[in-house]
Amino acid sequence: LPDAQYAPNLSPDGKSLLYVATDGGDEDIFLQRVGGENAVNLTEAFAEPDFDPAFSPDGERVAFGSRREGGGLFVMGATGESPRRIATDGAHPSWSPDGRKIVYSTERVVDPFSRGTVASLWVVDVASGEKKRIYEGDAVHPVWSPSGERIAFWAADEGQRDLRTIPAE
């Protein structure tokens, strides 16, 4: 495709790929079969940027950040159906292994050398929308461990960027 594609995320079965690309003047989320040639724009109907897609562990849902409806973290079906907001902020979502919760950062980081804020980590219950802050220091690009016991992320402290982990609780 012309222009840049980024933020790839493979489905749990390895047969499909989500990614972000610019289409119609904003960032959209695309779904493509591995080895396929025809990508499907899952978020074409919305004029605001959509970004940071992540398949759920069962491959049935996609979490993503967006600026639609005032912004936040959203979940939709794997083929783009029924998007709903689960948090009023959020970027770089990562699903818990059981698919019940999502960890996210409060800052979307596109360039790690140009940071605008000190971000924190939050966990949101997908069903209820209940949120809990789990880390108050700087933290971006969180990833839930396969065991569900830890969350990895990176942080910047006075120009030093380090990888860190914390207990998921």
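All values reported here derive from a predicted model rather than from experimental measurement.

1. Some words on the overall build of the chain
Helix and strand content of the chain: zero helices and 15 strands. A globule of 169 residues ought to have a C-alpha radius of gyration of about 15 Å, and the chain, at 15 Å, matches this closely. Taking the principal axes of its C-alpha atoms as reference, the chain extends roughly 40 × 35 × 30 Å. Expressed as a percentage of its 169 residues, the buried residues of the chain come to 46%. Long-range contacts, defined as pairs at least 24 residues apart, comprise 32% of the intrachain contacts of the chain with a sequence gap of at least 6.

2. Here we look at the packing of aromatic side chains
Counted under the stated rule, the structure contains three aromatic pairs. Seen in terms of ring centroids, Phe64 and Phe74 are 5.7 Å apart; in terms of plane orientation they differ by 20°. Their pairing is stacked. You can see Phe64 sitting in strand E6 (residues 61–66) and its partner Phe74 sitting in strand E7 (residues 72–77), a full ten residues away along the chain. A single burial state applies to Phe64 and to Phe74, both of which are buried. Above the ring of Phe74, the side-chain terminus of Arg68 is found at 5.5 Å from the ring centroid. Positioned above the aromatic ring of Trp122, the side-chain terminus of Lys131 is 4.8 Å from the ring centre.

3. Overview of the sheet that holds strand E3 (residues 26–33)
Judged by pairing direction, the sheet is antiparallel, and its four strands sit side by side in the order E1-E2-E3-E4 without closing on themselves. Two strands close off the open sheet at either side, each with one partner strand: strand E1 (5–10) and strand E4 (40–41). With four bridges connecting them, E1 and strand E2 (residues 16–23) associate as antiparallel partners. Note on E2: the bridge partner recorded for Tyr6 is Val20.

4. Considerations on the sheet that holds strand E14 (residues 150–157)
Strand order in the open sheet made by the three strands is E13-E14-E15, with antiparallel pairing throughout. Each having just a single partner strand, strand E13 (140–144) and strand E15 (160–167) make up the two edges of the open sheet. Strand-to-strand twist in this sheet, taken as the mean axis angle between neighbours without regard to direction, amounts to 20°. With eight bridges connecting them, E14 and E15 associate as antiparallel partners. Bridging across to E15, Trp154 finds its partner in Leu163.

5. Observations regarding the environment of Val109
In this structure, Val109 sits in the loop between strand E10 (101–105) and strand E11 (121–125). Between the C-alpha atoms of Val109 and Ala91, which are 18 residues apart in sequence, the distance is 8.2 Å. Other than its neighbours up to four places away in sequence, Val109 contacts His92, Arg115, Val140, His141 and Trp154.

The rules we used
- Residues numbered from 1 in each chain as written.
- Predicted model: local features only at pLDDT ≥ 70, side-chain atom pairs only at ≥ 80, totals over all residues.
- Heavy atoms only, no water.
- Helix = DSSP H or I, 4+ residues; strand = E, 2+ residues; numbered from the N terminus.
- Rg over C-alpha atoms; globule rule 2.2 N^0.38 Å.
- Buried < 20%, exposed > 50% of the residue type's maximum accessible area, 1.4 Å probe, protein only.
- Contact = heavy atoms within 4.5 Å.
- Phe/Tyr/Trp six-rings, centres within 6.5 Å; stacked < 30°, edge-to-face > 60°.
- Lys NZ or Arg CZ within 6 Å of the ring centre and 35° of its normal.
- Pairing = 2+ DSSP bridges.
- Axes fitted to C-alpha atoms, helices over the stretch in contact; angles between N-to-C directions.

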